[in-house]
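# Topology and contacts: notes
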Amino acid sequence: MATAAFSSIADTVKFDILSETHALENAKKRKEIARTFISDTVTVPTEDMYAYATLATLGDDVYFEPSSAALEAHIAKITGKEAGLYLPSGTASNQIGLRTHLKQPPYSIICDHRAHIHKYEAGGAAFHSGAAVIPVIPSNKHHLTLQDVKDNIIISDDGHFAPTEIVALENTLNGTIIPQEEVIAISEYAHSVGVKMHLDGARIWHVAAETEMPLSELCAPFDSVSLCLSKGLGAPVGSVLVGTKEFIAKARRFRKLFGGGMRQTGILAAAGAYALTHNFPQLPRVHALARRLEAGLEEIGCAILSRAETCMIFYDPTPIGVTFDEIGNRGSALPEPLFLGGSRLVVHIQTSEAAVDDLLGVVRVLAEEKRAAGFVKPEGQAESAFKDVYVRRVPKIDK
Ligand SMILES: *Cc1c(COP(=O)(O)O)cnc(C)c1O
């Protein structure tokens, strides 16, 4: 029998997180996601994914969790590596991957200037690994080449410099694919001078889907690869880092050190497995939908800054006299709103065909209004500066 004092504490501790309206809110959320072009991180678990996940094993992953271990082994197998490590995020996976390779500063990491590890991981390479980053602007404005790497790598006994120890590539990078011959050439060169290769393969799934090259072939030139389950594949949580057995054993210790050792992760691993089986096969359809969106924007007169090679488009409505804010505001004022950022449009497994039609409708009507008001496309429109391809616009989303 609980004492009155204990019951009183229990009363203050208890918390019913399920609001009366949450089922309705979730239904609304699912509709919004189908109309959100801001990112592919917004995808949500389906009822079927939830149902499958609840059947997973119940181990503690700091000791041994069978479903999580099976997922790690599976990702290792399909990427042609010896071992895998399940991590809570792509950032953790990249940063622990880099940290595991790097031992004694000073040193540097070479990457594309737009790389996630450089721009969007809160300066983690400096913080966790004490590494200088050499961000390189690709000379072809698309992907890093062997020549770009050779021109920027630091292999020198001159004490002024931080010698390069890792070349970190990203594939896809902003939805674009780096040609595999280039990856191989960079890797052969890097390895010949004792430099490691890391791949931020958060969206490598899209490369496999688009090029029809096996993941093992895409990952072969790399010593370590980070793959995300929670972007294009639509799992709620998780990334997997792969590499040699020895590398992963050390990375597992770093995972603990960084506070990323989780417990009953079976349910998350199973959601990831569900995504591999049911969502990966949807990527060709997603890419086709992105290409349809791109074709529509071009037909209306928008400039395409970065093509729909996979699931992303970067566009510019300046040639039709329209701004991102006008498109975003018009989209959010629709009876069924659209959620839009700036120049980047991301199509994902839960994007609806109707959302693409409605977005094209909004842009088309705005273009017509501007034309009617006397807007004429300026002659010899300057190509948008490469570094400004990603114009961010912070949309208003009510919770
Ligand atoms: C999202 C992303 C990451 C990081 O993943 P998080 O799970 O958000 O930490 C890393 N690399 C790329 C290319 C990404 O798009």
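Turning to the chain, the UniProt record has this under Sequence similarities (unreviewed entry): "Belongs to the threonine aldolase family." According to its UniProt record, the chain has this under Cofactor (unreviewed entry): "pyridoxal 5'-phosphate".

## Examining the sheet that holds strand β2 (residues 108-112)
Reading across from one edge, β1-β7-β6-β5-β4-β2-β3 is the order of the seven strands in this open sheet, with mixed pairing throughout. The open sheet has two edge strands, β1 (83-87) and β3 (132-136), and neither has a second partner. When the angles between neighbouring strand axes are averaged without regard to direction, this sheet yields 20°. Packed onto the sheet, helix α4 (residues 66-79) meets β1, β6 (224-228) and β7 (239-243) and runs at close to 130° relative to β1.

## A short note on the site of the ligand
As a matter of local geometry, the ligand sits amid S89, G90, T91, N94, H116, E121, E170, D200, A202, R203 and K231. R203 places a side-chain nitrogen or oxygen 3.0 Å from an oxygen atom of the ligand. Relative to its unbound accessible surface of 380 Å², the ligand loses 83% to contact with the protein. Judged by the proximity of its atoms to the pocket grid, the ligand belongs to the largest pocket. Ranked by residue count, the leading element in the shell around the ligand is helix α5 (residues 90-101), at three residues. Its residues assigned to classes, the shell around the ligand shows one nonpolar, five polar and five charged.

## Section: the packing of helix α15 (residues 324-332) against helix α16 (residues 353-372)
For the pair α15 and α16, interaxial distance at closest approach is 10 Å and the crossing angle is 125°. As the angle between them shows, α15 and α16 are arranged oblique. Like other packed secondary-structure pairs, α15 and α16 cross with a definite hand, here right-handed. Taken together, the residues of α16 that come into contact with α15 (itself represented by E326, I327, R330 and G331) are L359, V362, V363, V365, L366, E369 and K370.

## Points about unusual backbone geometry
Generally, phi is negative for residues other than glycine and the peptide bonds are trans, each holding for most cases. Each neighbour pair has its own omega, and for P105 with P106 the value is 0°, a cis peptide bond. As for its placement among the helices and strands, P106 is situated in the loop between α5 and β2. The amide bond that connects N171 to the next residue, T172, takes the cis arrangement and shows omega of 0°. In this structure, T172 sits in the loop between β4 (164-170) and α9 (180-192). A positive phi angle is found at A122, which is not glycine, with a value near 55°. Looking at where A122 falls in the secondary structure, it is placed in the loop between α6 (116-119) and α7 (124-129). According to the relative accessible area criterion, A122 is exposed, its value standing at 79%. For E212, which is not a glycine, the phi torsion comes out positive at approximately 60°.

What counts, and at which threshold
Residues numbered from 1 in each chain as written. Predicted model: local features only at pLDDT ≥ 70, side-chain atom pairs only at ≥ 80, totals over all residues. Heavy atoms only, no water. UniProt positions renumbered as here; feature names shortened; annotations may be inferred. Pairing = 2+ DSSP bridges. Helix = DSSP H or I, 4+ residues; strand = E, 2+ residues; numbered from the N terminus. Axes fitted to C-alpha atoms, helices over the stretch in contact; angles between N-to-C directions. Contact = heavy atoms within 4.5 Å. Near = heavy atom within 4 Å. Polar contact = N/O pair within 3.5 Å; in protein donor to acceptor, adjacent residues only side chain to side chain. Areas by Shrake-Rupley, 256 points an atom, 1.4 Å probe, with all protein chains shown as cover. 1 Å grid on protein atoms, 1.4 Å probe; cavity = no way out; pocket = protein on both sides within 12 Å on 5 of 7 lines; lining within 4 Å. Sits in = over half its atoms within 2 Å of the grid points. Nonpolar A, V, L, I, M, F, W, Y, C, P; charged D, E, K, R; others polar. Parallel < 35°, antiparallel > 145°, perpendicular 65-115°, else oblique. Left-handed = near helix turned anticlockwise from the far one by under 90°. Buried < 20%, exposed > 50% of the residue type's maximum accessible area, 1.4 Å probe, protein only.

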